[in-house]
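So you can see what is in the structure, the chains are spelled out below.
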Amino acid sequence: MDEAVKNLIEQCNSEDAVIWRKALVHSAYLIERHSMERYGDPIYHDMPDDLSDHILTEDEYQELVNTLIGVLKTESHGEKVATAAWALGKTFSDRVVPHLIHLLKECWKTDGDIAYQTLIALDNHGIEQVKDIVADIAKYGKGKSHEFALQLKELESW
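Definitions and cut-offs
In this numbering scheme, every chain counts its residues from 1 along its sequence in written order. Where totals are concerned, whole chains, interfaces and linings use all residues; where local detail is concerned, this predicted model gives features only for residues with pLDDT of at least 70, and gives and counts side-chain atom pairs only at 80 or more. Only hydrogens and water are set aside when side-chain values are computed; all heavy atoms of the structure are taken into account. Helix numbers and strand numbers start at the N terminus; a helix is a DSSP run of H or I with at least 4 residues, a strand a run of E with at least 2. For the radius of gyration, the atoms used are the C-alpha atoms, and the globule rule reads 2.2 Å times the number of residues raised to 0.38. When accessible area is computed with a 1.4 Å probe and restricted to protein chains, residues below 20% of their type maximum are described as buried, those above 50% as exposed, and intermediate ones as partly exposed. Two residues qualify as a contact provided that any one of their heavy atoms is within 4.5 Å of a heavy atom in the partner residue. In this description, accessible areas are obtained by the Shrake-Rupley approach with a 1.4 Å probe, and a residue is regarded as covered only by the protein chains that are shown. Think of it this way: Lys and Arg go in the positive column, Asp and Glu in the negative one, and His and the chain ends go nowhere. Just so you know, the charge point we use is NZ for Lys, CZ for Arg, CG for Asp and CD for Glu. Residue types Ala, Val, Leu, Ile, Met, Phe, Trp, Tyr and Cys, when buried and joined through side-chain atoms within 4.5 Å, form a set referred to as a nonpolar core. By definition, the arc is the one covered by directions from the helix axis to the C-beta atoms. Axis lines are fitted to C-alpha atoms, over the contacting stretch for helices. Their N-to-C directions set the angle, which ranges from 0 to 180 degrees. The cut-offs work like this: below 35 degrees is roughly parallel, past 145 is roughly antiparallel, 65 to 115 is roughly perpendicular, and the gaps in between are oblique. Gly is placed with the polar residues, together with every amino acid not listed as nonpolar (Ala, Val, Leu, Ile, Met, Phe, Trp, Tyr, Cys and Pro) or charged (Asp, Glu, Lys and Arg). The patch calculation keeps residues exceeding 30% relative accessible area without a salt bridge and links them within 9 Å when they carry like charges or within 5 Å when they are nonpolar (Val, Leu, Ile, Met, Phe, Trp, Tyr). Whenever a carboxyl oxygen of Asp or Glu lies within 4 Å of a side-chain nitrogen of Lys or Arg, that contact is scored as a salt bridge.

A. Focus on the overall build of the protein. Each helix and strand in the protein was counted, giving nine helices and zero strands. Reading the helices (α) and strands (β) of the protein from amino to carboxyl end gives α-α-α-α-α-α-α-α-α. Taken over the C-alpha trace, the protein has a radius of gyration of 16 Å; the compact-globule value for 158 residues is 15 Å, and the two agree within 12%. Based on the C-alpha atoms only, the size of the protein along its principal axes is roughly 45 × 30 × 25 Å. Within the protein, the proportion of its 158 residues that are buried is 45%. Pairs at least 24 apart in sequence give 59% of the contacts found in the protein among residues at least 6 apart. With an accessible surface of roughly 8400 Å², the protein has 46% of that area assigned to carbon and sulfur atoms. Positive and negative side-chain charges in the protein, numbering 16 and 29 respectively, have mean positions lying 7 Å apart.

Structure representation (structure tokens):
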């Protein structure tokens, strides 16, 4: 595994909010670039030099995704969980959908920010599997998750 990716994974698990915020955003960029084969796209120019031209191997990609799934399961810090959920949405993959659905079921009544970011992630891929939850959030949800669920219902004609 590339040393820069290994360091990024360690930073995702940091206790320091400044470090994990950057690490999760950079992880999302790497995952999205890999998932969508967007290498060379200038949108990723804000990445650190050791990651800006790095092409993830499949093993690195899987390890990064596993790390983010681990954040969903082990973190109590709401912003960190919300950011990891958003980053996992960049996979556009069936693999992460069950983890995101579980998180959404667990948090939508208590944490509108996590629910909002999880809905965004599922809107990228998997939203059709949570129509009932979206309907509940549209009725009873909090903050941005409530507003976004209303938009999703309207767009999808549920």
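B. Quick peek at unusual backbone geometry. Non-glycine residue E37 carries a positive phi angle of around 50 degrees. With respect to the secondary-structure elements, E37 resides in the loop between α2 (17-35) and α3 (49-52). We classify E37 as exposed; its relative accessible area is 67%. Of note in the backbone geometry, F92 takes a positive phi value of approximately 50 degrees without being a glycine. Tracing the sequence through the fold places F92 in the loop between α5 (78-88) and α6 (97-107). Taking the relative accessible area as the measure of exposure, F92 reaches 32% and is therefore partly exposed.

C. A look at the nonpolar core. With 50 residues, the main nonpolar core has L104 and L119 as its most contacted residues. Every element with two or more residues in this core is listed here: α1 (3-12), α2, α4 (58-74), α5, α6, α7 (112-124), α8 (131-140) and α9 (143-156). No other element matches α4, which puts seven residues into this core. With residues up to four places along the chain from it excluded, the contact list for L104 reads A115, T118, L119, L122, V130, I133 and I137.

D. Fine view of α6. Of the residues making up α6, those classed as buried are V97, L100, I101, L103, L104 and C107. For α6, the angular spread of the buried residues around the axis is 160 degrees, confining them to a single face. Opposite the buried face of α6, by more than 90 degrees, sit the exposed residues P98, K105 and E106. Structurally, α6 contributes buried residues whose contacts are with α4, α5, α7 and α8.

E. Expanded view of the packing of α2 against α5. Across the interface, α2 lies against α5 with an axial gap of 9 Å and an inter-helix angle of 10 degrees. Considering the angle they form, α2 stands roughly parallel to α5. Listed contacts from α5 to W20, R21, L24, V25, A28 and I31 of α2 are E79, K80, T83, A84, W86 and A87. Residue composition of the contact of α2 with α5, grouped by class: eight nonpolar, one polar and three charged.

F. The arrangement of a negative patch on the surface in detail. A cluster of acidic residues, D94, D123, E128 and E156, forms a negative patch at the surface. Locating D94 in the fold gives a position in the loop between α5 and α6. Assessed through its relative accessible area of 57%, D94 is described here as exposed.

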